[in-house]
Amino acid sequence: MKNPLSSTNTNEPNFFEQVYQVTKLIPYGRVTSYGAIARYLGSAQSSRMVGWALNSSHKSIDEWIPAHRVVNRIGMLSGKHHFPGSDTMKQLLESEGIIIEDDQIIDFEKLFWDPNKELG
DNA sequence: AATGTGACACAAT
DNA sequence: TATTGTGCCACAT
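Parameters at a glance
Residues numbered from 1 in each chain as written. Chains lettered and ligands numbered in written order. Predicted model: local features only at pLDDT ≥ 70, side-chain atom pairs only at ≥ 80, totals over all residues. Heavy atoms only, no water. Helix = DSSP H or I, 4+ residues; strand = E, 2+ residues; numbered from the N terminus. Buried < 20%, exposed > 50% of the residue type's maximum accessible area, 1.4 Å probe, protein only. Contact = heavy atoms within 4.5 Å. Areas by Shrake-Rupley, 256 points an atom, 1.4 Å probe, with all protein chains shown as cover. Near = heavy atom within 4 Å. Polar contact = N/O pair within 3.5 Å; in protein donor to acceptor, adjacent residues only side chain to side chain. Nonpolar A, V, L, I, M, F, W, Y, C, P; charged D, E, K, R; others polar. Arc of directions from axis to C-beta. Salt bridge = Lys/Arg side-chain N within 4 Å of Asp/Glu carboxyl O. Axes fitted to C-alpha atoms, helices over the stretch in contact; angles between N-to-C directions. Parallel < 35°, antiparallel > 145°, perpendicular 65-115°, else oblique.

1. Things to note about the overall build of chain A
Okay, so step 1: Helix and strand counts for chain A stand at six helices and four strands.
Okay, so step 2: Mapped from its N terminus to its C terminus, chain A presents α and β elements in the order α-β-α-α-β-α-β-β-α-α.
Okay, so step 3: Taking all 120 residues of chain A together, the buried fraction comes to 39%.
Okay, so step 4: In chain A, 65% of the contacts between residues at least 6 apart in sequence involve partners at least 24 apart.
Okay, so step 5: A total of about 7500 Å² of accessible surface is found on chain A, and carbon and sulfur atoms cover 50% of it.

2. Quick word on the protein's contact with DNA strand B
Okay, so step 1: Tyr34, Gly35, Trp52, Arg73 and His82 are the nearest of the 17 residues found near DNA strand B.
Okay, so step 2: Close to the protein, within 4 Å, the atoms of DNA strand B are drawn from sugar and phosphate at a rate of 53%.
Okay, so step 3: Within the backbone of glycine 35, one N or O atom sits 2.8 Å away from a phosphate oxygen of DNA strand B.
Okay, so step 4: Classifying every residue of the surface near DNA strand B by side-chain character gives six nonpolar, nine polar and two charged.

3. Structural notes on helix H3 (residues 47–57)
Okay, so step 1: Looking only at H3, the buried set comprises Val50, Ala53, Leu54, Ser56 and Ser57. For H3, the angular spread of the buried residues around the axis is 160°, confining them to a single face. Residues of H3 that are exposed and point more than 90 degrees away from the buried face comprise Arg48 and Trp52.

4. A few points about the pattern of salt bridges
Pairing between side chains becomes possible if they bear opposite charge and their charged atoms approach one another.
Okay, so step 1: Summed over all chains, the structure comprises four salt bridges.
Okay, so step 2: Aspartate 87 is paired through a salt bridge with lysine 80; the nearest N and O atoms lie 3.4 Å apart.
Okay, so step 3: A salt bridge links aspartate 103 to lysine 80, with the shortest nitrogen-to-oxygen separation between them at 3.3 Å. A residue pair is termed long-range when its members are at least 10 positions apart, and aspartate 103 in the loop between strand S3 (100–101) and strand S4 (104–105) and lysine 80 in the loop between strand S2 (70–71) and helix H4 (88–94) qualify at 23 residues.

5. Looking at the packing of helix H1 (residues 15–25) against H3
Okay, so step 1: Relative to each other, H1 and H3 sit at 80°, their axes nearing to 9 Å. Between H1 and H3, the interaxial angle falls into the category roughly perpendicular. Facing Phe15, Phe16, Val19, Tyr20 and Thr23 of H1, the residues of H3 in contact are Met49, Val50, Trp52, Ala53, Leu54, Ser56 and Ser57.
Okay, so step 2: Among the residues making up the contact of H1 with H3, the classes are represented as nine nonpolar, three polar and no charged.

In short, the description is geometric, and any link to function would need to be established separately.
Written out as structure tokens, the structure reads:
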């Protein structure tokens, strides 16, 4: 069956799912970066893949992935174009109390949640 | 089986 | 200091 986690043959089985799992652990009102997730998964140079994984996350109708809580390392909403509406990502974040100005998260460093530090 | 792609990150200008 | 270019790795075709 069309299993979205179909791990083929890599070192890391289910890279996508691992991205989803970590993303789901991001606390409400907090954010993290693609690179942070990539490092946590042991592939520091796969940050681009994290974005790709999140791109496919909307297909996982079963589970809710808070993809809006993942931005690039400087706190810009680089993935906003991949959401349904032009400002969906921004609105989702603002609904969690995050202030955004010109696609840039204010106090990004304060809100930053690093899985490497928080999880292990 | 091989080549192209991408919601990044970093080094070199 | 602000841009520009290159590497990187797992997935899709």
